[in-house]
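Architecture at a glance
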Amino acid sequence: MASVLVVEDDQFVRSALIRHLTEASHTVRSVGTALEALREVAHHRFDLVVLDLGLPDLDGAEALKMLRGITDVPVIIATARDDEAEIVRLLNDGADDYLTKPFSVEHLSARMSAVLRRARARGAAQPPSRLLRVGGLAVDPLRRQAELDGRPIDLTRREFDLLAFLAGRPGVVVPRRELLAEVWQQSYGDDQTIDVHLSWLRRKLGETAARPRYLHTLRGVGVKLEPPPDAPAHLPADVAHPPPGGTDGGPRR
């Protein structure tokens, strides 16, 4: 069973996909526009997205690029277009598979199973990761999980990338140009992009720009992440819990 988002503006096709996927025991949410799809993936976790290209508000190819900016969820393109050059371009832009309409439900099920198997195999093949700790913040880059004071933080793909990049450089002021290059893979861009993501990230860390705890912006310079003064220090187990006889293991004097 998987959690699936169907992005399809044709009500007849949309209803058929929902019915088929629900009968196959999948959990399904559906929308009819690209902007609704972006909101859905920003607020919910999905195992798979089935994306139509002929959407009323934004072409599906552009929607795919925007989706890839906030999530790495597998995407299957489902459309009536069959131009080979476009198929190649979409696969290079991050689509995991491509189905040309009309297609049977059996064909869709087989493609979904293959894409989900590959995604799960990638996750299972990842080696144990080095946990990044900054005060009460813990970030696991490979498992793409973050916790604050022991509680999980629900982050979008880009929010996690930004947090992990800064957590790997605690106390270091990172220039905005470097953030654009390393997190967004852009040589240039609008600073507002960074500001918006920092604002969302601050909200999830329970702070504001006026009263920062972890995230600090140095106007005209960059951004740094550092533990607040009241954050507990994370010590090695043998230091945090010394043996009864003293820190050197010998008898107390």
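For the structure itself, look to the data block above.
We now turn to the structure provided with this report. (Residues numbered from 1 in each chain as written. Predicted model: local features only at pLDDT ≥ 70, side-chain atom pairs only at ≥ 80, totals over all residues. Heavy atoms only, no water.)

Some details on the packing of aromatic side chains
For clarity, the threshold we go by: Within 6.5 Å between ring centres, the rings of Phe, Tyr and Trp (the latter by its six-membered ring) count as paired, and their orientation is classed by plane angle as stacked under 30 degrees, edge-to-face over 60, tilted in between. Criterion for a charge above a ring: Arg CZ or Lys NZ at most 6 Å from the ring centre, at most 35 degrees from the ring normal.
For the coordinates displayed, the defined rule picks out zero aromatic pairs. Over the ring of phenylalanine 165 we find arginine 169, and its NZ or CZ is 3.6 Å from the ring centre.

Quick look at the pairing of strand S2 (residues 27–31)
Using the following cut-off: Paired strands are those between which DSSP finds at least two bridges. In DSSP terms, a helix is any run of H or I states spanning at least four residues, a strand is any run of E spanning at least two, and both are numbered starting from the N terminus. Orient the strands so they point away from the viewer; a crossover is then right-handed if the path from the first strand over the helix to the second runs clockwise.
Across five bridges, the pairing between strand S1 (residues 3–7) and S2 is parallel. Note on S2: the bridge partner recorded for serine 3 is threonine 27. Handedness of the crossover joining S1 and S2 through helix H1 (residues 11–23): right-handed.

A short note on the packing of helix H6 (residues 157–167) against helix H8 (residues 191–204)
Note the cut-off: Note on definitions: angles span 0 to 180 degrees between N-to-C directions of axes, and those axes are lines fitted to C-alpha atoms, for helices only across the stretch in contact. An angle counts as roughly parallel when it lies under 35 degrees, as roughly antiparallel when it exceeds 145, as roughly perpendicular when it falls between 65 and 115, and as oblique in every other case. Any two residues whose heavy atoms approach within 4.5 Å are treated as being in contact. Three residue categories are used. Nonpolar comprises Ala, Val, Leu, Ile, Met, Phe, Trp, Tyr, Cys and Pro, charged comprises Asp, Glu, Lys and Arg, and polar comprises the others, including Gly.
Between H6 and H8, the shortest axis-to-axis distance is 10 Å and the interhelical angle comes to 85°. When the axis of H6 is compared with that of H8, the two are roughly perpendicular. In contact with Arg158, Glu159, Leu162 and Leu163 of H6, H8 contributes His197, Leu198, Trp200, Leu201 and Lys204. Its residues assigned to classes, the contact of H6 with H8 shows five nonpolar, one polar and three charged.

With respect to the side chain of histidine 216
For the record, the criterion: Definition of a polar contact: a pair of N or O atoms within 3.5 Å, with one able to donate and the other able to accept a hydrogen when the atoms are protein atoms, and with sequence-neighbouring residues admitted only if both atoms are side-chain atoms.
Tracing the backbone through its elements, the reader meets histidine 216 in strand S11 (residues 215–218). Side-chain polar atoms of histidine 216 contact the backbone oxygen of arginine 213, separated by 3.2 Å.

Brief notes about the sheet that holds strand S6 (residues 132–134)
Pairing between sheet strands relies on hydrogen bonds along the backbone, with the strands arranged either parallel or antiparallel. Pairing is antiparallel in the open sheet, where four strands are placed in the order S6-S7-S8-S9. Edge strands, defined here as strands with exactly one partner in the open sheet, are S6 and strand S9 (151–152). Summarising the sheet, strand S7 (residues 137–140) and strand S8 (residues 145–148) pair through four bridges and their orientation is antiparallel. Looking at the pairing, aspartate 140 lines up with glutamine 145 of S8. The sheet contacts of H6 involve S6, S7 and S8, and relative to S7 the element is tilted by about 110°.

Re the sheet that holds S11
Here we have three strands laid out as an open sheet, ordered S10-S12-S11, and antiparallel in their pairing. What marks the edges here is a single partner per strand, and that holds for strand S10 (174–175) and S11. Sheet topology places S11 next to strand S12 (residues 222–225); four bridges connect them, and they run antiparallel. Of the residues in S12, the one forming a bridge with leucine 215 is leucine 225. Here H6 sits on the sheet and contacts S10, S11 and S12; the angle it forms with S12, its principal contact strand, is near 75°. Set on the sheet, H8 makes contact with S11 and S12; between it and S11 the angle comes to about 150°.

Quick notes on unusual backbone geometry
Here is the rule: Summary of the burial criterion: residues with accessible area below 20% of their type's maximum are buried, those above 50% are exposed, and those between are partly exposed, where the area comes from a 1.4 Å probe applied to protein chains only.
With an omega dihedral of -5°, the bond running from lysine 101 to proline 102 counts as a cis peptide bond. Within the secondary structure, proline 102 is located in the loop between strand S5 (97–100) and helix H5 (105–124). The phi angle at serine 25 is positive, at roughly 75°, despite the residue not being glycine. Among the structural elements, serine 25 can be located in the loop between H1 and S2. Exposure remark for serine 25: the relative accessible area of 44% places this residue in the partly exposed category. Look at arginine 144: it is not a glycine, yet its phi comes out positive at around 55°. The residue arginine 144 is located in the loop between S7 and S8 in this model. For arginine 144, a relative accessible area of 31% puts it in the partly exposed group.

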